[in-house]
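Summary of the model geometry
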Amino acid sequence: MRFAPSPTGYLHLGGARTALYNWLWARKTNGVFILRIEDTDVERSTEDSVQEILDGLTWLGLDWDEGPFLQSANLDQHVDAAQELLETGHAYRCFCTKEELEQQRQEAEARKVAFMYDGRCRKLSKDEVEAKIAGRVPFVVRFAVPRDPGATVVFEDIVFGRQEKRCLDIEDFVVLRSDGRPLYLLSNAVDDRLDRITHVIRGADGLANTPKQALIYEALGWAPPTFAHMPLTLDSKKTKLSKRRHGEVVTIAYYRARGVLPWALCNFMALLGWSSGDAREFFTREELIEAFDLSRINRANAIFNYVPGDPKNWTDPKLIHFNAHYLRTLPLDELLPCVKEELQRTGLWKDSYDHNERQWLRDAVELMRARFHTLEDFSTTGRFFFADEFRVDPKAVQRNLCKDAHTHAYMSQLAPRFQELSSFDKTSTEETIRSFAAELNVSAGLIINGCRTTVSGSAVGPPLFEMLEAIGKERVVNRLKQVDRMIAVCG
Ligand code: GLU
């Protein structure tokens, strides 16, 4: 198995899904997963793009067993293959100039037929060819597609089934340019042979090229690999996903930056074009490897439900749902490194969270995570756990602190009561609040809501008493004392 990206841009959802399916199949069959960077398009390939691919795969946890190999390192073998095709009569030199080809194209256009090189150089005699070589006439090497009227090329695709194409419909395609550089189609096939690839799992856009590659294999006497072409991923309006049209939302780097957990993304991508056949949606790594099967890849295009401009559903809502599920259920030890990365990114991380406040952090994360959708929520919605400067929701203040004119005074009075507690925990804070409310003859809810908004700036969040315990006595008391800072918004 191999993932063979061209490093000409960013790592996108479609590419990462290809990598994932190859990785899953390799892990399931105890195969070898190879990473091959197809960098032969020198003008468009960049170092940055290679780095983004490596970073993206590493972050996703799609570890490769061999590579990264560079396609450009095999150029000699690609040229050798073209040479062998020439020697065995499966290819020929074509001396037609650009102008001649252009003329042929225009003639075809005038006759309203699709242009296909007519193979005139195939008919040159040996002497004619030698004379041209001696005269240093530039040439390309073209594959000599069988021309018997009934000839077909056939290959099996696990997803799309048996594919058969008439050779008469296939042009004598170029395998070597006039400057001696091989064409991608040839390089890709030769590399799969060199890398001992048994399964070519790639996007359905590769399907159209496969007959030509099957011809190359046959001509070189090589058994072809097994092909499995995956459906395209389209948006809800059936448009192919692209950065130009859809923006960052199609790139893997974006999900990392937006606080998506790598496994949530893998699980989501696995279901873009594949289903287990039962109702399961969530899979652990092991479960997915176990359940994955190439024969269950769908033929129908996969739909990525993204509607631009919806701030709540900033990507496919299913992915957000998956991420929330994993934030809630992942073993804490797996989640904590991701939370650490997020808090470091936003400057909220303290070294003590790795030492004496380790348990505190665990408890706080455990408490927070039930309601969160992305890792970002730890430093936005959950910021009040880590810092005294946090966002205050004016609506929450209106409702919980302004509506009853006395509430903010109650908060100032609650502060010394909390201060006196020798043990500040969920039981003692609850008792304090309830008896305080009873003394005042007000509902406990009034104090509870007021207290929540004063210490967190919000009207919603984790259970209050556990939250107070996690924030800690000193911070809670200080925030209650400073309640006046909040009520500025009361009209
Ligand atoms: N380099 C090709 C691409 O990025 C890969 C084609 C293949 O997997 O065979 O589209």
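Refer to the preceding data block for the structure.
Everything in this summary refers to the structure shown in the same document. (Residues numbered from 1 in each chain as written. Predicted model: local features only at pLDDT ≥ 70, side-chain atom pairs only at ≥ 80, totals over all residues. Heavy atoms only, no water.)

**Let's talk about the site of the ligand**
With respect to spatial proximity, the complete set of residues near the ligand consists of Arg 2, Ala 4, Pro 5, Ser 6, Glu 38, Tyr 184, Asn 188 and Arg 202. For the ligand, an oxygen atom lies 2.8 Å from a polar atom in the side chain of Arg 202. Surface burial for the ligand is 70%, taken as the share of its 300 Å² of free accessible area covered by protein chains. Of all the cavities here, the one that holds the ligand is the largest pocket. In terms of residue class, the shell around the ligand is made up of three nonpolar, two polar and three charged. (Near = heavy atom within 4 Å. Polar contact = N/O pair within 3.5 Å; in protein donor to acceptor, adjacent residues only side chain to side chain. Areas by Shrake-Rupley, 256 points an atom, 1.4 Å probe, with all protein chains shown as cover. 1 Å grid on protein atoms, 1.4 Å probe; cavity = no way out; pocket = protein on both sides within 12 Å on 5 of 7 lines; lining within 4 Å. Sits in = over half its atoms within 2 Å of the grid points. Nonpolar A, V, L, I, M, F, W, Y, C, P; charged D, E, K, R; others polar.)

**Some details on the packing of aromatic side chains**
Inspection of the entire model under this criterion finds 25 aromatic pairs. With 6.0 Å between their ring centres and 35° between their planes, Tyr 255 and Trp 314 make a pair best called tilted. Of the two residues, Tyr 255 is situated in helix α9 (residues 252-257) and Trp 314 in the loop between β12 (302-304) and α12 (317-329); the sequence distance between them amounts to 59 residues. Accessibility expressed as a relative area gives 0% for Tyr 255, which makes it buried. (Phe/Tyr/Trp six-rings, centres within 6.5 Å; stacked < 30°, edge-to-face > 60°. Helix = DSSP H or I, 4+ residues; strand = E, 2+ residues; numbered from the N terminus. Buried < 20%, exposed > 50% of the residue type's maximum accessible area, 1.4 Å probe, protein only.)

**Remarks on empty space enclosed by the protein**
Within this structure, the stated rule accounts for one cavity of 30 Å³ or more. As a volume, the largest cavity reaches approximately 40 Å³. Taken together, Phe 390, Thr 454, Arg 479, Gln 482, Val 483, Arg 485 and Met 486 form the lining of the largest cavity. Class assignment for the residues of the lining of the largest cavity results in three nonpolar, two polar and two charged. (Points joined across faces, edges and corners; volume = space filled by probe spheres on them.)

**Things to note about the sheet that holds strand β3 (residues 66-70)**
The strand order β1-β2-β3 describes an open sheet built from three strands, whose pairing is parallel. Whereas interior strands pair on both sides, the edge strands pair on one side only; in this sheet they are β1 (2-3) and β3. Sheet topology note: the strand β2 (residues 34-37)/β3 ladder contains three bridges and is parallel. Counted as the bridge partner of Ile 37 is Leu 70 from β3. (Pairing = 2+ DSSP bridges.)

**Section: the state of the cysteines**
This model, assessed by the stated rule, comprises one disulfide. There is a disulfide in this structure between Cys 402 and Cys 490, and the S-S distance comes to 1.8 Å. Linking Cys 402 and Cys 490, the disulfide has an S-S dihedral of approximately -80° and is accordingly described as left-handed. Placement of the pair is Cys 402 in helix α16 (residues 394-402) and Cys 490 in the segment after α21 (473-481), with a sequence separation of 88 residues. (Disulfide = S-S within 2.5 Å.)

**Examining the packing of helix α13 (residues 332-345) against helix α14 (residues 358-368)**
A pair of packed helices is captured by two measures, namely the crossing angle of their axes and the spacing between those axes. Between α13 and α14, the least distance of the axes is 11 Å, while the angle of their chain directions is 95°. As summarised for this structure, α13 and α14 are arranged roughly perpendicular, according to the angle between their axes. Of the residues in α14, those touching α13 at Leu 332, Asp 333, Leu 335, Leu 336, Val 339 and Leu 343 are Leu 361, Arg 362, Val 365 and Glu 366. Residue classes in the contact of α13 with α14 are distributed as seven nonpolar, no polar and three charged. (Axes fitted to C-alpha atoms, helices over the stretch in contact; angles between N-to-C directions. Parallel < 35°, antiparallel > 145°, perpendicular 65-115°, else oblique. Contact = heavy atoms within 4.5 Å.)

**A word on the pairing of strand β7 (residues 161-166)**
Within a regular beta strand, the side chains point alternately toward one face of the sheet and then the other, so they alternate between its two faces. Bridging between strand β6 (residues 152-157) and β7 involves six bridges; their strand directions are antiparallel. The residue of β7 that forms the bridge with Glu 156 is Arg 162. Between β6 and β7, which pair antiparallel one after the other, the connecting turn spans three residues.

**Considering the nonpolar core**
Judged by nonpolar contacts, the single largest core of 147 residues is most densely connected at Tyr 255, Leu 265, Phe 385, Phe 418, Ile 433 and Leu 468. For this core, the leading source of residues is helix α1 (residues 13-28), giving nine residues. Not counting residues within four places of it along the chain, the set of residues in contact with Phe 385 comprises Trp 360, Ala 364, Leu 367, Met 368, Pro 462, Met 467, Ala 470, Ile 471 and Arg 475. In terms of nonpolar packing, the next biggest core, distinct from the first, is built from eight residues, Tyr 92, Cys 94, Cys 96 and Ala 144 among them. (Core = buried A, V, L, I, M, F, W, Y, C linked by side-chain atoms within 4.5 Å.)

**Some remarks on the layout of surface pockets**
Sizing a probe to match a water molecule and rolling it over the atoms shows the empty space that remains. The computed volume of the largest pocket comes to approximately 1,400 Å³. Lining the largest pocket we find 50 residues, and of these Ala 4, Pro 5, Ser 6, His 12 and Asp 205 sit closest to its centre. For the lining of the largest pocket, the elements supplying multiple residues, two or more each, are β1, α1, α6 (184-194) and β9 (199-203). Top contributing element to the lining of the largest pocket by residue count: α1, with five residues.

**A look at the environment of Leu 168**
You can see Leu 168 is positioned in the loop between β7 and β8 (174-176). Relative accessible area serves as the criterion here: at 33%, Leu 168 is assigned to the partly exposed category. Spatially, the C-alpha atom of Leu 168 lies 8.3 Å from that of Gly 150, the residues being 18 residues apart in sequence. With residues near it in sequence (within four places) discarded, Leu 168 still touches Met 116, Arg 147 and Pro 149.

**Let's talk about the pattern of salt bridges**
In the structure shown here, the tally under the stated rule is 30 salt bridges. Note that Asp 169 and Arg 166 form a salt bridge whose closest N and O atoms lie 3.1 Å from each other. The class for Asp 169 is partly exposed, based on a relative accessible area of 42%. For Arg 166, a relative accessible area of 45% gives the class partly exposed. What you see here is one network of salt bridges that share partners, running through Arg 2, Arg 36, Glu 38, Asp 191, Asp 192 and Asp 195. (Salt bridge = Lys/Arg side-chain N within 4 Å of Asp/Glu carboxyl O.)

**Digging into the sheet that holds strand β5 (residues 140-143)**
Here we have three strands laid out as an open sheet, ordered β4-β5-β8, and antiparallel in their pairing. One side of each edge strand has no neighbouring strand; the edge strands of this open sheet are β4 (91-94) and β8. Averaged over all adjacent pairs, the angle separating strand axes in this sheet is 45°, with direction ignored. Pairing analysis gives two bridges linking β5 to β8, with the strands arranged antiparallel. Across the sheet, Arg 142 pairs through a bridge with Val 174, a residue of β8.

**Focus on the packing of helix α19 (residues 444-456) against α21**
Interaxial distance between α19 and α21 falls to 9 Å at its minimum, and their mutual angle equals 100°. Here α21 runs roughly perpendicular to α19, going by the angle between their axes. Mapping the contact onto sequence places Cys 451, Thr 454 and Val 455 in α19 and Val 476, Arg 479 and Leu 480 in α21. Its residues placed into classes, the contact of α19 with α21 shows four nonpolar, one polar and one charged.

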